[in-house]
Each structure stands twice: as C-alpha cells, then as structure tokens.
Amino acid sequence: MINFIANTFRLLKILLILLLSGVPYSLLRLVLLNNLSRERTIRKMGNQINNFLLRSGPSFVKLGQTLSTRPDIIGESLSNSLSKLQDKVPPFNFTSVERTLEKEFKTSLDNLFKEFDKTPVAAASIAQVHKAVTFDNEPVAVKILRPNIEKKFNNDLKLFYFITEFLLFFFPPIKSFKLDQVVKTLEHSVSIETDLRIEGAAADQLRENFANDDSVYIPQMRWDLTSKRVLTQEWIDGIPINERQKLIKAGHNLQQIAKNLAITFFNQAYRDGFFHADIHPGNVMINNAGKIVLIDFGIMGSLEKEDRVFVAKILYGFITRDYKAVSDIHFEMGYVPHTQSREIFALACRSVGEPIVGMPVNKISIGKLLKQLFEISKKFDMNIQPKFLLLQKTLVTVEGTGQSLYPEVNMWQLAEPWIKDWARQNFGIKARIKDTKANIIKLSHDLPKAVDKMLSFFDKMEKNVDTQGFKINNRPEPKAMPFSSLKIIAIFIVGMSIGLMF
C-alpha cells in the first residue's frame, strides 16, 4: 500500500513535468497534421522529450538512453533524438565526495591521494569525475557515484514497472511494444553502471584485448583505489576526436585516425566480440602519439562467435552480392521463421543491397545497410536481437565520427578486405578443421559418435566451396565398415587430434 501511494505521488509529479514539457501537445499535432509536417514535429518532440527526461531525474535519462538503442520500438527519428541526450547535470558537493571515499576505503582522503582537485572535471546523472595524483606521482581520474543514487534508481524502477503494468492492463494492444523488456534492460544496465568495479573490469578486458594494437590505448586501472562506488584510472591528456581543428593544429594525420577508428571498432566487435557501445566523440580522444584513447566503459556490447559469424556472413554476402547466402544465414540461425519464404526474403535482401553496393565506395554506409536490413526483416517476422541493434547504432556513430574527420575515408572500403580475411579465418576450410578438432576432443567420451561427426564433416568438405572459391572434387561415398573398425579409426583420429593440440 505504501509503495502504491509513493508511486502515485511520484507519477503525478512526473505527469506535471510532462505536461509542462510540451510533449503531449506535439503528440496531438502528430495525430492531426499531414505527413509533410510529421517529421519536423517528431524532431521537435525529440528535443522536448530530452528536456523532460533531464528534468525527471537520472533514471529517466538512462531510460531515454536505453530507448535510443531500440528504434524497432520508438522509430528511427525519436531514436536519433534520444541518442543525442546529453547526460550533464550540476555536480554534487565535495563533502559528499570525501565522505564516499572515506567510507569505501576506511581511511581519510589524505591517506588515499597526494593531491585531489575539489572541482570535478565532469558531472553526469550517475557519477562525477575528479582529477587526482597518487603517492607514486601518477595522475589519475577518480569517478565517484552520486550519493543515494542506487536508492533513487530502485524507486524509479518500481515506478516504471508500475506504469508498465498500468498501461498493459488498460491498453493491452501496447504489449507489442515490449515495454516490460525495456524496463528489464534498463534495470540490468543500471545494476551494472552503479557498480563501478564492473566498469573497471570492462576497461581491463578491453585493454587486454588491445595489448598488441599500436593504434589504440586503453587507460590503466588502479584496482587498489577502486571499489563498488569509486573507480580510479590512469589520467589521459588528449584532444577529443570531434575537435578537428585542434587535431590539425597538433599535427595529427586525420586520414590515418579515421582509418584506425574503423579498424579499432571492427577489432572490438568482430575479432574480440566485446565492444565499447558508447563511442560518442566525448568518449574518444587522441593522445600526443596519435593513438585513439577510449574512456568511460559503462556501456559495453558483446557478441558470441556465432553472432559475429552471422554479421560477418551478412556483410560478406552483400559485398559479393550473394543475396541467397544472406537469406540462408538468417534462416539457419533461426532469426527468420521457417514459415517464411527463403526466396522472397533473398529478394528483399537484394532490394536493400543493390541500391547500396552500386554506389561510389565513399557513399556506402554499413550502419545504414544494417539498419535497412533490420527494417525490412521485420516484415518477415524476424525477432531482432537488441545486441544487433546496439551494434548497428554504435557502427553508425563510428561512421559519422570517421567521416567528420576525413570525408573521403569510408567504413565499407576499409571493411571489405578485413571482412574477407575474417571470413577466411572463421568460416573457411581451416576454421572448420579447427572447430572439428575441438569437437573431437569434446566428444571423445563417445568414440563412435565422434567418428560419425568426422565422416559427416569430410563429406561436407568435399561438396562445399571454401572462401577462396576452390571446389574439392567429389569422391564415392565411403563403404560401410564394421562397428569395430570404426572404433579403431576413432581412437586413431582422437589420438592424432590430441597430439596436434599439444
């Protein structure tokens, strides 16, 4: 009962802010106006929604950022507006900063840092950042959560669930918008972003992934000065990547930076399957050595190997104009129901690909290609995964940033040899042999089944075309062997495979 009353009063306050924002008036105009004025009204409403979210509190800001990654729910125009939501709020006082540090580390601030700037260098709805110097004279950035931020988020999440249940009860048709999934996604995101140890772990993982990449740099974590509510990381001096004139003045090669940005993203998303999903210009800097420096690891995306193969095969199919292959991979992965027609879906893929692949290379956008593919896929009842939408949105941001640096550089042009090479390594003959060797070890407890798998594999090898276009000649089907013979061969193959691994 208490929660119901609290939620009701909070809802009334939010409704008042909503009315003052002008959003309801814009919604009414959308219903009454003709199509010519709709786009302009939607853009205006996007700004009104941003202002409403900022006035309503940090949970609403995060809700807007979450929705910005779901154009399948709110539409492309509103999604673009929400992606520009600037998460900047007044800083909280230094007394609260000091209190948090002392509570987290059980000692005074003077024992933690040699120097500590009282004025924050950045302040957002969840945390703010201060510059400090450690006792070993290392400049560091110290990120500190806002006081009681977890409690505020929890209260607002209860409100969001309350609103969702209310709407679903009185307006059942809105179930198709999957509002409950949006709130669950927000809850998961908030639980991660309010535990700064997880953000630190993400930075560490990315730093490890890029250990051998000379063109990118990830700040070093200071785990001895990090806790759930405090994150300490190496301080980075650099120029924000969107400050083009400053980069030119500093003597940086903008063409090379744009190329490096593209390859950095592809390495994250497709090589490692773990990518920075908030690569807006404020989170990307260029240091004195010309390296790309990524900061703020609160929002990360991940792709399993099968997801990466899926996306790579799509792009490879479009590059080679093999729309049947693009269609087939959608059905094989189960993203398009088998009740749909593969042939018709292949035609739909062609309708997306042909207008794009025929354009000059500096006009092609992979992000827009995926966007159009996802849009047309909905007509075939494709259940689009949020992780792919996050990938597509991040890709569009990276493309836009790269082109603002050097318009002649294009992601498609850079991606083509990269994707072909990735394809050879991950779904060519060698990759299949490697995967099969791993499967033999995994299945070694059941030798007859392992042999069946090997025989099936070699049979497919003979019939398939590898990524280089060479076809292996067919040979007659192997004659059936006695079960005991199969066991002997299985033992030999498994033994050889184990030997090769070591």
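Residues numbered from 1 in each chain as written. Predicted model: local features only at pLDDT ≥ 70, side-chain atom pairs only at ≥ 80, totals over all residues. Heavy atoms only, no water.

Some thoughts on the confidence of the model for the chain
Regions with low pLDDT carry predicted coordinates that are not meant to be interpreted in detail. Quick note on the threshold: One confidence number per residue, pLDDT, is output by the predictor and ranges from 0 to 100. Residues count as neighbours in contact if any of their non-hydrogen atoms are within 4.5 Å of one another.
Considering every residue of the chain, the mean pLDDT works out to 79; 76% of them sit at 70 or more. Note on residues 465–502: pLDDT is under 50 here. Beyond four places in sequence and across chains, it has 42 contacts.

Considerations on the layout of surface pockets
This is how it is decided: A cavity here means a set of points on a 1 Å grid, drawn over the protein atoms and nothing else, where a 1.4 Å probe fits but cannot get out; a pocket is an open set with protein on both sides within 12 Å along at least five of seven lines, and a residue lines either one if it has an atom within 4 Å of a point. Grid points are joined across faces, edges and corners, and a volume is the space filled by probe spheres set on the points. Each helix is a run of DSSP H or I of at least 4 residues and each strand a run of E of at least 2, with the numbering of both proceeding from the N terminus. Ten residue types, Ala, Val, Leu, Ile, Met, Phe, Trp, Tyr, Cys and Pro, are classed as nonpolar, four, Asp, Glu, Lys and Arg, as charged, and the remainder, Gly among them, as polar.
When its volume is computed, the second largest pocket comes out at roughly 1300 Å³. Lining the second largest pocket are 37 residues, and of these Ile49, Leu67, Ile74, Leu167 and Leu179 sit closest to its centre. Taken together, the elements giving at least two residues each to the lining of the second largest pocket come down to α1 (2–21), α2 (23–32), α3 (35–56), α4 (58–67), α5 (71–74), α6 (76–83), α8 (149–170) and α9 (179–193). Here the lining of the second largest pocket takes seven residues from α3, the largest share from any one element. Split by residue class, the lining of the second largest pocket holds 31 nonpolar, three polar and three charged.

Side note on unusual backbone geometry
Put simply, the test is: Note on exposure labels: buried denotes an accessible area under 20% of the residue type's maximum, exposed denotes more than 50%, and partly exposed covers the range between, all computed with a 1.4 Å probe on protein chains only.
The phi dihedral of Asn148 falls on the positive side, at around 60°, and the residue is not glycine. By the element assignment, Asn148 lies in the loop between β4 (139–145) and α8. The class for Asn148 is exposed, based on a relative accessible area of 53%.

Some details on the sheet that holds strand β7 (residues 239–240)
Basically, it comes down to this: Note on pairing: two strands pair once DSSP finds at least 2 bridges between them. To define axes, lines are fitted to C-alpha atoms, for helices over the stretch in contact only, and angles between the resulting N-to-C directions are given on a 0 to 180 degree scale.
Strand order across the open sheet formed by four strands is β5-β10-β9-β7, with mixed pairing between neighbours. Since the sheet does not close on itself, it has two edges, and those belong to β5 (216–217) and β7, each with one partner. In this structure, strand β9 (residues 284–286) lies alongside strand β10 (residues 292–294), joined through three bridges in antiparallel fashion. Residue Ile286 lies in a different strand from β10, and its bridge partner there is Ile292. Of the strands in this sheet, β5, β9 and β10 touch helix α12 (residues 254–272), which is tilted by about 45° from β10.

Focus on the pairing of strand β6 (residues 230–234)
Walk down a regular strand and you will see the side chains alternate between the two sheet faces. Burial runs high along β6: five of the five residues are buried. Inspection of the sheet shows β4 paired to β6 by five bridges, in the antiparallel sense. Paired with Ile144 across the strands is Val230, a residue of β6.

Structural notes on the pattern of salt bridges
Condition: In what follows, salt bridge is the name for a side-chain nitrogen of Lys or Arg lying within 4 Å of a carboxyl oxygen of Asp or Glu.
One pass over the structure, following the stated rule, counts 17 salt bridges. Glu150 serves as the salt-bridge partner of Lys228, at 3.7 Å between the closest nitrogen and oxygen. Taken as a pair, Lys228 in the loop between β5 and β6 and Glu150 in helix α8 lie far apart in primary sequence, 78 residues in all. Residue Lys228 is classed as partly exposed on the basis of its relative accessible area of 32%. Residue class for Glu150 comes out partly exposed when judged on its relative accessible area of 21%.

Details of the pairing of β4
The element β4 is largely enclosed, with a buried count of six among its seven residues. Pairing of strand β3 (residues 127–133) with β4 involves seven bridges; the strand directions are antiparallel. Following the sheet pairing, Ala127 is matched in β4 by Leu145.

Section: the packing of α12 against helix α17 (residues 386–405)
The following threshold applies: We call two directions roughly parallel when the angle between them is under 35 degrees, roughly antiparallel when it is over 145, roughly perpendicular when it lies between 65 and 115, and oblique otherwise. Left-handed is the label given to a crossing in which the near helix is rotated counterclockwise from the far helix by less than a right angle, and right-handed is the label when the rotation is clockwise.
Contact geometry for α12 and α17: axes closest at 8 Å, N-to-C directions at 170°. Judged by the angle between their axes, α12 and α17 are roughly antiparallel. Between α12 and α17 the crossing geometry is left-handed. Within the contact between the two elements, α12 uses Leu254, Ile257, Ala258, Leu261, Phe265, Ala269 and Tyr270 and α17 uses Leu391, Thr394, Leu395, Val398, Thr401, Gly402 and Leu405. Residue composition of the contact of α12 with α17, by class: 11 nonpolar, three polar and no charged.

With respect to the environment of Ser189
Structurally, Ser189 is set in helix α9. Sequence separation between Ser189 and Gly298 is 109 residues, and the spatial gap between their C-alpha atoms is 8.6 Å.

Notes on a nonpolar patch on the surface
Just so we agree on the cut-off: Like charges within 9 Å and nonpolar side chains (Val, Leu, Ile, Met, Phe, Trp, Tyr) within 5 Å are joined into patches, using only residues over 30% in relative accessible area that form no salt bridge. Values of accessible area rely on a 1.4 Å probe in the Shrake-Rupley scheme; residue burial ignores everything except the protein chains shown.
On the surface, a cluster of nonpolar side chains totalling about 510 Å² of accessible area is made up of Phe4, Ile5, Phe9, Leu12 and Leu15. Mapping Ile5 onto the fold places it in helix α1. Classification of Ile5 by relative accessible area gives partly exposed; the value is 38%.

Digging into a positive patch on the surface
Condition: By the counting rule applied here, Lys and Arg register as positive and Asp and Glu as negative, while His and the ends of each chain are not counted. A charge is said to be at NZ when it belongs to Lys, at CZ for Arg, at CG for Asp and at CD for Glu.
A cluster of like positive charges, contributed by Arg29, Arg40, Arg43 and Lys44, occupies part of the molecular surface. Looking at the positive patch, the element that brings in the most residues is α3, giving three residues. Tracing the chain through its elements places Arg29 in helix α2. Given a relative accessible area of 31%, Arg29 falls into the partly exposed group.

Things to note about the packing of α4 against α9
Between α4 and α9, the least distance of the axes is 10 Å, while the angle of their chain directions is 115°. Remark: the crossing between α4 and α9 carries right-handed chirality. Counted together, Ser59, Lys62, Leu63, Thr66 and Leu67 of α4 and Val182, Thr185, Leu186 and Glu193 of α9 form the full contact between these two elements. Split by residue class, the contact of α4 with α9 holds four nonpolar, three polar and two charged.

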